[in-house]
Amino acid sequence: MLLATLLAFVVRQAPLPYWNLVCGGDIMLNGVSPSVLAFQGLEVPNDSVFYANLEIPLTNVPDRTPRKTPLELAARKQFVLKADPAHIQNLAASGIDVVSLGNNHAMDGTAVGLDQMLGLLDAAGIQHAGAGDNWEAAAKPAIVEAPNGLKIAFISYLSFLTPDALRKCTPATSTTAGIATLTLDGKSGDDELARLKAIVDKARQGADMVVVALHWGIERQPYPAAYQVSLGRLFIDAGADAVIGNHPHVLQPAELYKGKPILYSLGNLVNPGGGGAALYQLTYNGTQFQYATVLPTSYSSGKVAFSSRNDDATILAESMLLKKFPSDDSSQLLGAPK
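Quick look at the structure, then. (Residues numbered from 1 in each chain as written. Predicted model: local features only at pLDDT ≥ 70, side-chain atom pairs only at ≥ 80, totals over all residues. Heavy atoms only, no water.)

On inspection of all chains with the given rule, the structure shows nine salt bridges. Residues D201 and K197 are paired through a salt bridge, measuring 2.7 Å at the closest nitrogen-oxygen approach. On the criterion of helical spacing, the pair formed by D201 and K197 is a turn pair, its members being four residues apart in helix α7 (residues 190-204). A salt bridge links R233 to E255, with the shortest nitrogen-to-oxygen separation between them at 2.9 Å. Here E255 lies in strand β11 (residues 251-257) and R233 lies in helix α8 (residues 226-237), a separation of 22 residues in the sequence. Among the charged side chains, a salt-bridge network with shared partners connects R204, D241 and K260. (Salt bridge = Lys/Arg side-chain N within 4 Å of Asp/Glu carboxyl O. Helix = DSSP H or I, 4+ residues; strand = E, 2+ residues; numbered from the N terminus.)

Structure representation (structure tokens):
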């Protein structure tokens, strides 16, 4: 009887091999009422880990970053954006498991606003990475358990090309709050590979997989900049299992590099205006990537829903042609299994 009980327990706890990593783009709830059920139109499979980038901080503090100057704001070269903290109820209901905060708006409400947002996320049970009370906290991975028991470490960095662009967004230091930042100045040599390998190896401690969320690229550009390609591939060379990109606010192509997915930009998951984007559903057998499925979405007035077709998804499909994307013999563009 005892043996049968133990065997039944082992069977119940045995990891299911197949699971999904569902990847969403930028969450921009500025100017949207919390009464709007932003994610009611989405329902991801139960066997999934759901990731997205929380672009606009959830805070109502009056503080605002001094690093974005009034002149820059007036010229619309920079933006200071916030969203109602009551949106945490919508995020909690969305099924999102983990968000990246290593982006150019997380510190728009200063350390006070960041602290408020982190408290809301923690209370809602939503994991986060990329910003914190100091550098150690900002760079610390979020560990999420997949439905099959695998532990996935998510790390998040703002990865603009130049240090000056990063400083504008309040990088964390050893003693002050901010975001995790990373730039290789467009280089991809042995020194840069060793640097990224140290980051990935540290994140992998206590985890089975490492997913890197990078806020990078150029806004509104439909194809990745050269440094995105080199940085994304270098992270895979360094041992990362997947690279997920955001910031351009439009979809960019994705590729399979050395058997690992790189999603260069997922566009907007939701924002106050209208448009379309897509979720990527990455299917794994254990830790081995199997295939990607593109799930078109549309958003309007602060709501997002699945869509059978939209222009951005069509552009994405068209951009999945090797002749339109810088590639080599070790990479191929992602698509659903044939």
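From this point, the discussion proceeds with the structure in view.
So, about the pairing of β11. In terms of residue burial, β11 counts as a mostly covered element, since seven of its seven residues are buried. Here six bridges tie β11 to strand β12 (residues 260-266), and the two strands are oriented antiparallel to one another. Looking across to β12, one finds that Q252 is bridged to S265. Between β11 and β12, which follow one another and run antiparallel, lie two residues, and K258 among them has a positive phi close to 55°. (Buried < 20%, exposed > 50% of the residue type's maximum accessible area, 1.4 Å probe, protein only. Pairing = 2+ DSSP bridges.)

The biggest cluster of nonpolar side chains holds 73 residues, and the ones touching the most others in it are I27, F39, L54, L91, L121, L196 and F235. In terms of residues, this core owes the most to one element, α8, which gives six residues. Not counting residues up to four positions away in its chain, the partners in contact with L121 are L54, I88, L91, V99, L101, I126 and H128. Grouped together as the second largest cluster of nonpolar side chains are 27 residues, Y51, V144, A146 and L282 included. (Core = buried A, V, L, I, M, F, W, Y, C linked by side-chain atoms within 4.5 Å. Contact = heavy atoms within 4.5 Å.)

Here we take up empty space enclosed by the protein. Tallied over the entire structure, the rule returns one cavity of 30 Å³ or more. Of the volumes computed, that of the largest cavity is approximately 60 Å³. S159, F160, L161, L182, T183, L184, D185, G186, K187, Y227, S230 and L231 together form the lining of the largest cavity. Along the lines of polarity and charge, the residues of the lining of the largest cavity split into six nonpolar, four polar and two charged. (1 Å grid on protein atoms, 1.4 Å probe; cavity = no way out; pocket = protein on both sides within 12 Å on 5 of 7 lines; lining within 4 Å. Points joined across faces, edges and corners; volume = space filled by probe spheres on them. Nonpolar A, V, L, I, M, F, W, Y, C, P; charged D, E, K, R; others polar.)

Turning our eyes to something else, we now look at the packing of aromatic side chains. With the rule as written, the count across this model stands at five aromatic pairs. Their ring planes at 10° and their centres at 6.1 Å tell us that Y51 and F154 sit as a pair that is stacked. You can see Y51 sitting in strand β2 (residues 48-54) and its partner F154 sitting in strand β7 (residues 151-158), a full 103 residues away along the chain. In this structure, Y51 and F154 share a single accessibility class: buried. For the pair W216 and Y264, a centre-to-centre distance of 5.7 Å together with 15° between the ring planes defines the contact as stacked. (Phe/Tyr/Trp six-rings, centres within 6.5 Å; stacked < 30°, edge-to-face > 60°.)

This next bit is on the packing of α7 against α8. It is at 8 Å that the axes of α7 and α8 come closest, and there the two elements cross at 60°. In this view, α7 runs oblique relative to α8, as classed from their interaxial angle. Between α7 and α8 lies a crossing whose hand is right-handed. Residues E192, L193, L196, I199 and V200 of α7 form the contact with α8, whose participating residues are L231, L234, F235 and D237. Residues that form the contact of α7 with α8 fall into these classes: seven nonpolar, no polar and two charged. (Axes fitted to C-alpha atoms, helices over the stretch in contact; angles between N-to-C directions. Parallel < 35°, antiparallel > 145°, perpendicular 65-115°, else oblique. Left-handed = near helix turned anticlockwise from the far one by under 90°.)

This part covers the layout of surface pockets. There is about 600 Å³ of room inside the largest pocket. Residue lining of the largest pocket: 28 residues in total, with K77, F79, N104, E219 and H247 positioned closest to the centre. Its residues placed into classes, the lining of the largest pocket shows ten nonpolar, nine polar and nine charged. Approximately 280 Å³ is the volume attributed to the second largest pocket. For the second largest pocket, the lining is made up of 13 residues, of which A139, K140, P141, K202 and A203 are closest to its centre.

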